[in-house]
Amino acid sequence: MNTTASSAGGTAGFGAGFRGGPRAGIAGAAGFDATSAAAEAAAGFGASTDEVDEAAAEALGVNRTDLRILGLVVEAGTVTAGNLATAARLSPAATTAAIQRLSAAGHLRREVDPADRRRAAVTITPGTAEQLDRLYGPIARAGHALLSRYSPTELALITEVLNAGRRLQLAEAERIRTTPPTPH
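This is a predicted model, so every value here is computed, not measured.

(A) Inspection of the nonpolar core at higher detail. Formed by 20 residues in total, the largest nonpolar core has its most connected members in Leu-67, Ile-69, Val-73, Leu-84, Leu-108 and Val-122. For this core, the secondary-structure elements that each account for two or more residues are α1 (34–60), α2 (64–76), α3 (81–88), α4 (92–104), β5 (120–124) and α5 (126–147). Per-element tally for this core: the top contributor is α2, with 5 residues. Discounting chain neighbours no more than four positions away, the residues touching Ile-69 are Leu-84, Ala-88, Leu-90, Ala-98 and Leu-102.

(B) Focus on unusual backbone geometry. Of note in the backbone geometry, Arg-89 takes a positive phi value of approximately 60 degrees without being a glycine. Tracing the backbone shows Arg-89 in the loop between α3 and α4. Look at Arg-89 and you get exposed, because its relative accessible area is 52%.

Conventions we followed
- Residues numbered from 1 in each chain as written.
- Predicted model: local features only at pLDDT ≥ 70, side-chain atom pairs only at ≥ 80, totals over all residues.
- Heavy atoms only, no water.
- Core = buried A, V, L, I, M, F, W, Y, C linked by side-chain atoms within 4.5 Å.
- Buried < 20%, exposed > 50% of the residue type's maximum accessible area, 1.4 Å probe, protein only.
- Helix = DSSP H or I, 4+ residues; strand = E, 2+ residues; numbered from the N terminus.
- Contact = heavy atoms within 4.5 Å.

Okay, here's the thing in structure tokens:
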């Protein structure tokens, strides 16, 4: 589940702010800028993954933060509220509220933490796991089919670009988090 693809004012990413002219995407055309075209494609990809997550949240009847919580729980398998709050970068109170909403909706199940029986942990319910697989499984399969068209050399380059882009986005997120707010 991708949650780093867009911002309130438009797409974020390599191509944030780029708006090419009518020939911007035509290789070999006068005025074609391959770097800008690639940046715009990356931003468009990010925006499209954001659309998928928005549709999935709607299908599950949850908000985007709760979808993110579900994704983190799926990744962890079983997770305590404190660890979930840290991973989601939410306050403990906001995390508890999300857990309560998702539990009431039948998406999460609270269990005794196997590592410390004094604490509670949450897991995805089987029904929600099936829903998530139904929503995201076809995308994963289609993505693998798409990638299978490329050579190992091309896949290595794609992987390198995507990993570099992910690192760039995470570094920029941290920069934004640590930038003092500008007074209005």
